[in-house]
Amino acid sequence: QVQLVESGGGLVQAGGSLRLSCAASGSILSINAMRWHRRAPGKQRELVASITSGGLTNYADSVKARFTISRDNAKNTVYLQMNSLKPEDTAVYYCNADATYYTYSGPRGPYTYWGQGTQVTVSS
């Protein structure tokens, strides 16, 4: 199948920056859209940004102009560059991807896969 492994979370002061990475691995045939979601305490999960296989991007209004999503298709990796961080950005950030994978009998999918999440904490 497909596994997503995230890294780059941590503690940062307001106004600072972090870069999240999420690498996909497994018997990947193709990856379509890749996305970053976040979930803050007491709030529902929010779609932060998405990027298609061709590099077209979309952002939540709350992060537009501050966050940048990008991908390296050769590495099956998606990034989220987060600048001008605010305390309200504090959340667990999850990447996901729509992917098709190989099996002995043929391709399977596309299915949506999720990473384990990485904590981002922004102090005021």
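Draft legend 1. Just the overall build of the chain, in detail. Of the regular secondary structure elements, the chain holds zero helices and eleven strands. Seen in sequence order, the chain has helices and strands lined up from the N terminus as β-β-β-β-β-β-β-β-β-β-β. A compact globule built from 124 residues would reach a C-alpha radius of gyration of about 14 Å, and the chain, at 15 Å, matches this within 12%. Along the first, second and third principal axes, the C-alpha atoms of the chain reach 55 × 25 × 25 Å. Going through the 124 residues of the chain one by one, you find that 42% of them count as buried. Within the chain, counting contacts between residues at least 6 apart in sequence, those at least 24 apart form 55% of the total.

Draft legend 2. Seen up close, the sheet that holds strand β8 (residues 77-82). Taken in spatial order, the four strands make up an open sheet running β1-β3-β8-β7, and their pairing is antiparallel. Looking at which strands have only one partner, the edges of the open sheet turn out to be β1 (2-7) and β7 (67-72). Mean inter-strand twist for the sheet, computed between neighbouring axes without regard to direction, equals 15 degrees. In terms of strand pairing, β7 meets β8 through six bridges, oriented antiparallel. Bridging from a neighbouring strand, Phe 67 pairs with Met 82 of β8.

Draft legend 3. Just the state of the cysteines, in detail. Enumeration over the complete set of coordinates arrives at one disulfide. Residue Cys 22 pairs covalently with Cys 95 via a disulfide, S to S 1.8 Å. Taken together, the positions of Cys 22 in strand β3 (residues 18-26) and Cys 95 in strand β9 (residues 91-103) put the pair 73 residues apart, joining distant regions of the chain. Cys 95 matches Cys 22 in its accessibility class, with the two residues each being buried.

Draft legend 4. Seen up close, the pairing of β1. Of the two faces of β1, the one lined by Val 2, Leu 4 and Glu 6 is fully buried and the one lined by Gln 3, Val 5 and Ser 7 carries no buried residue. Sheet analysis places β1 next to β3, joined by six bridges and oriented antiparallel. The residue of β3 that forms the bridge with Leu 4 is Ala 24.

Draft legend 5. Seen up close, the pairing of β7. Here β7 shows a clear split, with Phe 67, Ile 69 and Arg 71 buried on one side and none of Thr 68, Ser 70 and Asp 72 buried on the other. Hairpin connection between β7 and β8: a loop of four residues separates the two successive antiparallel strands, and Asn 76 in this loop has a positive phi of roughly 50 degrees.

Rules used throughout
Residues numbered from 1 in each chain as written. Predicted model: local features only at pLDDT ≥ 70, side-chain atom pairs only at ≥ 80, totals over all residues. Heavy atoms only, no water. Helix = DSSP H or I, 4+ residues; strand = E, 2+ residues; numbered from the N terminus. Rg over C-alpha atoms; globule rule 2.2 N^0.38 Å. Buried < 20%, exposed > 50% of the residue type's maximum accessible area, 1.4 Å probe, protein only. Contact = heavy atoms within 4.5 Å. Pairing = 2+ DSSP bridges. Axes fitted to C-alpha atoms, helices over the stretch in contact; angles between N-to-C directions. Disulfide = S-S within 2.5 Å.

By themselves, these are just geometric observations and shouldn't be taken as functional.
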